[in-house]
Amino acid sequence: MSEYVVRRARRNRDRGLTLPELLITISLLGIVATVLSSAVIVSLRQQDNTEGRLNVARDEQAIGFVMPSDLASASDWSTAPQATPCGATVCDGIDLSNGSNVILLSWTTEDNGVITETNVSYHFAPSGDGVTYQLSRVECNRVDGGAWSCSTRVVMRDLPGPPGAAAFVPGVLNGDLCDSTVVCSEPTWVIEVSQPLAPDAIEEDDFASDEERKDANRVVVSIDGGGDSAGAGGGLNQVNITAGGTIRDQIDASSTSGTPAFVAARSRCGGPITLVVDDSGSIGNTAMGQVRTGVRTFVETLAGTPTQIQVVRFDTQAGTLGVTDGWQRYFDMRDATEVTALLAEINSTNLKSNGNTNWEDALYRTFYNQDGTYADTFPDTVVFFTDGVPTRSRLDFRSSGLPLPAVPAPPGPNWAESNGGDYNQTSFNRANYIARDVESLTNLIGVAVGPNIGGNGDTDSEWVIDPGGTIIRRYYAYERTETTYYGQFQIRDGGWRYVDKATYEAWDERRRYRKESGGWQTIAPGNDSNHDEVELGRREITQEQYDDANTTSTDDADDGLEFEVEVFQISESDYNANSSDPDYRPVPKTYIENGPDSEVWTGDVIPGDPSFEVDGTDGRNVITKLNKEIVAQLIAASDDGIPGIPDGAGGYTNVDIANMYVLPDWDDFPNTMQEIALGECGGTLTISTEFNGSPAPDPFKYVANKYFDSNGDQLTIDGDLEFVQTTQQFTTGTFDLSIADGSFLTMEIAVSQEGVGNYRSDGWSCRAGVADRSFELVDDPDSDWDLLRVDVAANEAVSCTQTVTR
């Protein structure tokens with residue numbers, strides 16, 4: 001065979017498939033198709049399980065966020081289905097009659113003789129869809145036996161009703177009948193309260209003794225995510241929540257005698273805090289300096305503590321200090337670099353007096369993401385400062401470029417629009433919607449300063465309860481014949497003007513413009529036919545008025561013109577009989593505008609001067625409220641809140657519970673901000689451990705070894721020694737101290753040698769706020785580590801850092 005033939009034969013072999021190759025290909029395609037179809041089927045079958053696991057995780061997070069702290073706070077409890085947190089079926093406007101109490105937790109606190117009662121009910125009731133149920137947390141508080149102030153939020157949704165489609169019998173509605181003749185529903189199929197297990201329990205019935213219990217409860221929550229099976233299948237899951245309650249004893253403020261015998265110290269100090277700062281134009285440049293000083297003082301006071309601070313400033317709209325293209329920014333007070341950066345933001349031109357007052361946008365930026373979901377970092381405490389009442393809302397200006405959420409909806413047409421200068425009720429209502437939504441999740445503190453709100457205390461605004469629905473306008477007009485009119489002309493931006501016969505005839509010789517169905521029409525002087533076409537609602541204006549007002553197309557019916565003529569016609573005989581009497585007024589009619597488009601005429605007699613009158617709005621309900629009360633309504637849903645009580649020395653006697661500070665003088669603002677900061681972390685010592693400039697990778701335990709009073713005398717410690725532990729994840733630990741005002745304690749801190757044998761101390765540093773704090777190192781004969789002694793006063797938050805090497 002020639003070379004040409006061989007090459008040709010090889011090329012022909014590549015055309016198509018041989019029979020074995022085809023059979024192999026078909027077999028492989030079948031295998032691949034089978035695998036792919038199986039994968040699709042498995043994915044579809046797992047879809048409801050995946051969704052169920054997400055539902056379970058959501059509900060576990062929701063119930064785990066609030067219930068453990070309530071259980072830990074409680075000194076009394078009740079599982080009676082008829083129990084309510086205020087002792088009635090309706091608590092501060094919250095109707096509980098359609099549901100049953102699951103667990104009612106109660107506790108009382110006392111500070112300087114002021115007694116605050118707190119009741120929290122986990123309330124099970126039908127949802128609005130008529131099918132599912134929901135669990136709500138209802139909290140009620142009252143001070144010194146006053147009125148209950150209550151709030152509520154839904155904790156879990158889409159819960160099942162009674163098993164077997166049994167009827168749900170609400171316990172609250174039936175009251176004491178639940179104990180006698182009515183079997184009230186207790187939702188044990190969803191949530192069950194029982195005695196907690198013992199610390200060393202190995203069986204489900206090894207319950208805690210009374211001594212171990214400390215008023216605790218074990219709460220078992222059954223969550224059904226809707227998946228195919230329990231557990232990983234996204235179906236039924238059970239969450240066990242157990243927390244010890246609290247037994248409160250009075251502790252002497254001048255010593256640690258009687259300190260609760262906890263092994264690990266617990267501190268109130270720490271967590272995210274947001275300062276919401278008004279920098280609107282009404283403050284002015286001079287007072288704005290005091291505002292910056294107050295905000296700076298707050299930050300400096302908490303420097304070194306385990307807190308994170310965010311500053312949200314607001315005027316016409318809100319912004320966050322330190323943010324360029326983001327939304328929120330918390331600065332870590334444990335990091336000196338972060339403290340310096342925040343102070344630089346405060347000292348810059350970011351806080352300057354300008355613009356209107358938009359409370360809603362400030363709160364929205366504090367508590368929500370741009371899309372309306374809850375903020376990723378939710379503040380434990382919010383200090384809200386303002387010098388006035390809201391004049392703008394997110395209906396007018398908003399810092400988020402996203403559309404407005406559907407809720408709250410814009411108000412009806414009778415609510416006054418904001419003008420940026422006067423108090424606007426809609427602006428308050430929208431801000432208040434946010435405050436009530438988050439009040440059970442955060443601690444709101446209000447600070448009102450300046451002559452518009454906290455000066456002599458009598459500056460007030462018109463608080464609109466109901467704007468009503470009918471605006472009454474009155475006017476007079478005359479008609480002599482069918483072709484000659486004498487009437488009253490309305491210039492809307494200048495009020496009403498009465499027109500007599502002579503004035504009318506003088507105007508009759510001028511050129512007028514009138515809106516016709518086909519556009520604006522010029523009426524030549526002396527053309528009497530124009531009178532035939534005058535009708536109610538037509539606009540007759542002069543050339544100058546038309547030129548000044550007509551800023552858009554003449555074919556646009558809503559072109560911005562603000563001039564209108566209204567003609568009230570009377571009979572010729574009536575006019576002729578009375579035209580010689582200059583004081584003659586025909587019996588008028590009342591023009592009623594009920595909304596933007598509708599018109600109604602009535603025959604009511606209106607006495608008095610024929611000039612324009614406004615009697616208000618039918619159904620309108622308005623009261624006068626002090627501006628400081630409007631701020632308190634936002635903070636605490638009451639006219640007073642819990643006012644800060646001055647101690648006469650620049651401080652407050654009740655800073656631990658006060659939530660409303662009203663200051664007449666701008667000079668008081670910095671000191672008040674410091675007092676509020678000390679209410680969070682005053683009288684505390686925070687310990688941290690650093691290795692090579694970062695948190696030490698291994699745990700360090702620090703023990704409060706001894707306490708000395710201001711005279712140097714050692715104090716007796718009842719109970720176990722307190723300790724804190726620092727780790728790479730939890731980088732600080734904080735001791736809370738009970739210290740009398742004007743005094744101090746000296747703490748002696750020992751380093752436990754557990755697990756730190758490879759380390760040695762390279763020295764300590766201490767600060768009180770941003771200032772260095774002196775300290776003493778004392779030799780410890782029982783340890784390789786020195787003892788730290790440092791003074792802590794009632795009005796200080798001290799932080800100390802040990803640097804270690806190895």
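Refer to the structure printed above.
All of these numbers come straight from a predicted model, not from anything done at the bench.

> Sorry, what's going on with the overall build of the chain here?
Within the chain, the secondary structure is distributed over 14 helices and 42 strands. Across the chain, every contact between residues at least 6 apart in sequence was considered, and the portion connecting residues at least 24 apart equals 69%. By element, 47% of the accessible surface of the chain is carried by carbon and sulfur atoms, the whole surface being about 39500 Å².

> Whenever I open this one, the packing of helix α5 (residues 284-301) against helix α14 (residues 669-681) confuses me. Can you help?
Helix-helix packing: each pair is described by the crossing angle between the helix axes and the interaxial distance. Packing of α5 against α14 leaves a shortest axis separation of 8 Å and a crossing angle of 25°. As far as their axial angle goes, α14 and α5 are roughly parallel. Note that α5 runs across α14; the crossing there is right-handed. When α5 is examined against α14, the residues Q290, V291, T293, G294, V295, T297, F298 and T301 are found in contact with a partner set consisting of F669, P670, M673, Q674, I676, A677 and L678. Class assignment for the residues of the contact of α5 with α14 results in nine nonpolar, six polar and no charged.

> Mind showing me how you'd approach the environment of W666 here?
Tracing the sequence through the fold places W666 in the loop between β31 (660-663) and α14. Its relative accessible area of 13% is what places W666 among the buried residues. For W666 and T286, which are 380 residues apart along the polypeptide, the C-alpha to C-alpha distance reads 9.6 Å. Those residues in contact with W666, other than ones at most four positions away along the chain, are I283, A287, Q290, V291, F385, D387, V449, G450 and P451.

> How do you make sense of the pattern of salt bridges when you look at a structure like this?
In the structure shown here, the tally under the stated rule is 14 salt bridges. Residue E117 pairs with R142 through a salt bridge whose shortest N-O separation is 2.9 Å. Here E117, found in strand β5 (residues 114-126), pairs with R142, found in strand β6 (residues 133-143); they are 25 residues apart in sequence, far enough to count as distant. A relative accessible area of 23% places R142 in the partly exposed class.

> Whenever I open this one, the side chain of T132 confuses me. Can you help?
Looking at the secondary structure, you find T132 in the loop between β5 and β6. Using a relative accessible area of 17% as the deciding quantity, one classes T132 as buried. Leave out the neighbours within four places in its chain, and T132 touches P126, S127, D158 and L159.

> Teacher, can you tell me more about the state of the cysteines here?
Any covalent bond linking the sulfur atoms of two cysteines counts as a disulfide. On inspection of all chains with the given rule, the structure shows five disulfides. With its sulfur 2.1 Å from that of its partner, C86 forms a disulfide with C91. In this structure the cystine formed by C86 and C91 twists about its S-S bond by roughly -85°; its chirality is therefore left-handed. The residues C86 and C91 share a single accessibility class, namely buried. The connectivity of the disulfide bonds within the chain can be written as 1-2, 3-4, 5-6, 7-8, 9-10, using the sequence rank of each bonded cysteine.

About the cut-offs
Residues numbered from 1 in each chain as written. Predicted model: local features only at pLDDT ≥ 70, side-chain atom pairs only at ≥ 80, totals over all residues. Heavy atoms only, no water. Helix = DSSP H or I, 4+ residues; strand = E, 2+ residues; numbered from the N terminus. Contact = heavy atoms within 4.5 Å. Areas by Shrake-Rupley, 256 points an atom, 1.4 Å probe, with all protein chains shown as cover. Axes fitted to C-alpha atoms, helices over the stretch in contact; angles between N-to-C directions. Parallel < 35°, antiparallel > 145°, perpendicular 65-115°, else oblique. Left-handed = near helix turned anticlockwise from the far one by under 90°. Nonpolar A, V, L, I, M, F, W, Y, C, P; charged D, E, K, R; others polar. Buried < 20%, exposed > 50% of the residue type's maximum accessible area, 1.4 Å probe, protein only. Salt bridge = Lys/Arg side-chain N within 4 Å of Asp/Glu carboxyl O. Disulfide = S-S within 2.5 Å.

Coordinates in, geometry out; function isn't part of it.
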